[in-house]
Amino acid sequence: IGESLIVPTLRLSLAICHYGNIDLCGELSQSGMLVPVGDILQRALASSDQYTFSVAVVLVKFCGQCTVVGSSASGTVETLKNVINTLSCVLALSENENGSSINPQRLKELSVLKYESLVALEALSANDALQSSIASNVLPALVLFLQHLEYSYSYAEEKDQEQVMLIGLKTIQRIINIPSSTQSMMNNGIVSILIKIIEKGDEVKNKLLQEVSLEIAQSIAQSDLEIRYWLICSGLLNSLLSMLGESQVTARTSQLGLQNAGILLSDLTPSTLSRFEPSAKEELLQRVVTIFCSQRTFIRRLIASISDNCDAYGESFVFSQGEGAVRDKAAGILFNISTLLLVHGQEVGRTHFNDALMLNDVSGSNMIVATACSALLDAFSDDEETFPSKPDDRSFYFDVQLPTVKSYLMKGLTESLNQAMSSLDSKPAAEGLIKRLQLPRTCLVLCRSEKLAESAFRLFEDVVLSLPIDFVGDLILCDRVALVTLFDLVTGQANKVPQLEYSKQMFAKLLGNLAKAGLLPKAVSSFGLRSHAIAALSAAMLINGGEENIDDDEDSIQRICLESLAIVLCGKENDVTLTPVESRALASAIGRVLSSTVLNRFFTQASLESTINDATVDFRLNRAAICQSAEARLLCAMAHSPESLGVLSKIGGLEAIGLIAHEGEIKAVEAVRKACDMNPKLVVDVEAHLSIMDALIGSEDKLSLSTDTNLRDVVVKCLGIVTTLSVNSDTRDPILNAEQSHDCMRIASSIVSAAAELKLGTKSASEAPEETANATATKLAEKLAKSSIDEVLQIDDLVHI
């Protein structure tokens, strides 16, 4: 009678578990019922009583997961462990007998037994008290079962096969963290199963199966370095990347896949690689490089995940946490891949990275590539949060990784922007990107970086310098840092570009264009950089310590800086204005080279005139051009300060100013007048008095030029200088002995006489015949008398002449 009640009792217990709750299952477990159920299960299996076995297995599944050590009846846990061993044996049963397949009916029955055993083991694996037993006793058979599952005919439908595989992997997932289980799984071939599932990609119908596989792979990869090395060599990394690159993966699968890839790549740092033997290290690097050389689609999807509006690279990855999490994870992995291909991949690696980045197989993609390069440059930052913690890794990051990758991206940005700017269709978009990136400023700042200067300068030269000057000016002159950096680069200060002199010339060219466009002075004034501009531009003018003249080549850095300095220092009336401090500083810094340049230009002009020796040729425009040059204007402005005038008198400055005054330039005449007031002997020593006397005499020729508005002031100041020198005992003789003295006295006496007649009204200047000796003097007197005859007669005591 007892035997006949076994099955009904089992069925009743099963109904209670099935329709009850987990607490009822726990009470049944605590009652000790599982001990006889375990015995029944063993006997049923031995007697091939499949029905009884199935009911017992399901009952063990319900109650076994609720068993608590210490709370259940004696022998319950041990019984469950024995059941686990039995179920493990069921999984290991062969589907062949004596080398041939068993009959279909028997195969069907066996598949049911195995499935029920697998489901029971999966439920029991949720019980912490049983996980160790499952890990040590079931794992080999379970892995073997899953390996044979693909070739088994037990499950006709693919979805059924995937479901069975999922149950088995969930069991493994629960015991993955048991000590020694990882190595056991490695030895029993679980990785090969994971790889096959991952490689199937879109062929896997049950996406949860892929997710569980990736979770198990991640748990294995997190164990230790040797296992990660083995995983890479086994093909897991390649399978991961292929799946992520080619498949339509879920958000969870994307996240798990990228996490796995990140873990496997995390060891490729100097501090970790140093633990390998040199040969093993090289083998690992080359193996990984080879893998990534075949993963163009995956790399492009990473780029699409980092950069907005870059669908040409493929579909971006999606995480449930949002775009920020995807971008950060993708950037970290892509940075490691870029390093591998560009640093360790040699020419082959660089070629494959270029193929993935530049979209050479996609027409009209220049702006997409430029946008992507800019996004990657922004993502691969030197933010402290991204710093490697170990010193060796940090050094490699800043000295090798970051410069190499950023240099290559700037190269890509240069190439793509160049092509985009050459097309009318894409040029507006390219200019918009340049503006958003603040590209001119970025290039200038990076030219001070020893690692990135070469690439930054190429971007500056090929792209920035080709832009309209007002466009560039808007981007540079609105930023104080950018303008200061430009000044510094022109002087060579902190300029790390390998082609130093050439780069200085290009930076100076930009500065000169900004000055000529009238953009530079306002920015200098706005940011309070007048002193900085003076110091930088002055320093850039000097070649070989300032011993060489500044030539007339408009493209030379010295000429550009000289012209720019003059423009920056121009006041409201377009005259160079300097404070005493600025005058002294400039006189000390560039006074010698400016003086030498002016003298050399005058000597060259004199040589030209003597060579041609043709009275019909008018050279006045040539001489006037010298007088209006930047060097002449700066010299004259410096000389208006007594402190700087003293400096200039010792380095040829006063001599140069004298030659400028010879042409009747009012600023130069005023400078000679100041020198005369300070020390008349200085004027005579450099023969500037002769230039003043010639300027006075030359006023006769200029009288007919209606545009000469300064004639009155020139004559008055020249007369004043001659008078001052004439009454000084140290300088009187050089004045009286000069060849020009007679003409000066004649002009002075004629002016006095004519002015007196105008004053007394005895004779109209307009009535004076042109042929008379006093005609010119009369016209001069008229000009002198325009504002006040009394003032003219009294200035400088002209009657001394």
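Residues numbered from 1 in each chain as written. Predicted model: local features only at pLDDT ≥ 70, side-chain atom pairs only at ≥ 80, totals over all residues. Heavy atoms only, no water.

Colleague: How would you explain the overall build of the chain if you had to name every residue and give the values?
Modeller: Per the secondary structure count, the chain includes 44 helices and 2 strands. By residue count, 49% of the 801 residues in the chain fall in the buried class. Put simply, 74% of the contacts in the chain that link residues at least 6 apart link residues at least 24 apart. When the accessible surface of the chain is split by element, carbon and sulfur atoms take 49% of a total near 36600 Å². (Helix = DSSP H or I, 4+ residues; strand = E, 2+ residues; numbered from the N terminus. Buried < 20%, exposed > 50% of the residue type's maximum accessible area, 1.4 Å probe, protein only. Contact = heavy atoms within 4.5 Å. Areas by Shrake-Rupley, 256 points an atom, 1.4 Å probe, with all protein chains shown as cover.)

Colleague: I'd love a proper account of the packing of helix 5 (residues 76–92) against helix 7 (residues 128–137), names of residues and values included.
Modeller: The geometry of helix 5 relative to helix 7 is characterised by a closest axis approach of 10 Å and an angle of 30° between their N-to-C directions. Looking at the two axes, helix 5 sits roughly parallel to helix 7. Considering only the axes of helix 5 and helix 7, their crossing is right-handed. For the pair helix 5 and helix 7, contact is made by Val77, Leu80, Lys81, Ile84, Asn85 and Ser88 and by Leu130, Ser133, Ile134 and Asn137, respectively. Looking at side-chain class alone, the contact of helix 5 with helix 7 contains 5 nonpolar, 4 polar and 1 charged residues. (Axes fitted to C-alpha atoms, helices over the stretch in contact; angles between N-to-C directions. Parallel < 35°, antiparallel > 145°, perpendicular 65-115°, else oblique. Left-handed = near helix turned anticlockwise from the far one by under 90°. Nonpolar A, V, L, I, M, F, W, Y, C, P; charged D, E, K, R; others polar.)

Colleague: Lay out a nonpolar patch on the surface in plain terms, naming residues and giving numbers.
Modeller: Taken together, Leu12, Ile16 and Leu24 make up a surface patch of nonpolar side chains, about 240 Å² in accessible area. Residue classification places Ile16 among the partly exposed residues on the basis of a relative accessible area of 32%. (Patch = residues over 30% accessible without salt bridge, like charges linked within 9 Å, V, L, I, M, F, W, Y side chains within 5 Å. Salt bridge = Lys/Arg side-chain N within 4 Å of Asp/Glu carboxyl O.)

Colleague: Could you give an account of the side chain of Ser426, naming the residues involved and the relevant values?
Modeller: By the element assignment, Ser426 lies in the loop between helix 22 (391–421) and helix 23 (427–437). Judged by relative accessible area, which is 15%, Ser426 ranks as buried. Beyond its immediate stretch of four places on either side in the chain, Ser426 contacts Met367, Gln419 and Ala420.

Colleague: How would you sum up the packing of aromatic side chains? Please name residues and give values.
Modeller: With the rule as written, the count across this model stands at 10 aromatic pairs. With centroids separated by 6.1 Å and ring planes inclined at 55°, the aromatic side chains of Phe298 and Phe317 adopt a geometry described as tilted. You can see Phe298 sitting in helix 18 (residues 296–306) and its partner Phe317 sitting in the loop between helix 18 and helix 19 (323–344), a full 19 residues away along the chain. Each member of the pair, Phe298 as well as Phe317, is classed as buried. Measuring from centroid to centroid gives 5.2 Å for Phe335 and Phe380, while their planes differ by 65°, and the two rings are edge-to-face. Taken together, the residues Phe335 in helix 19 and Phe380 in the loop between helix 21 (366–379) and helix 22 connect sequence positions 45 residues apart. Neither residue differs from the other here; Phe335 and Phe380 are each classed as buried. One aromatic cluster is present, formed by Phe335, Phe380, Tyr397 and Phe398 through successive ring pairs. Above the face of the Phe62 ring, Lys61 is positioned so that its terminal group lies 4.8 Å from the ring centre. (Phe/Tyr/Trp six-rings, centres within 6.5 Å; stacked < 30°, edge-to-face > 60°. Lys NZ or Arg CZ within 6 Å of the ring centre and 35° of its normal.)

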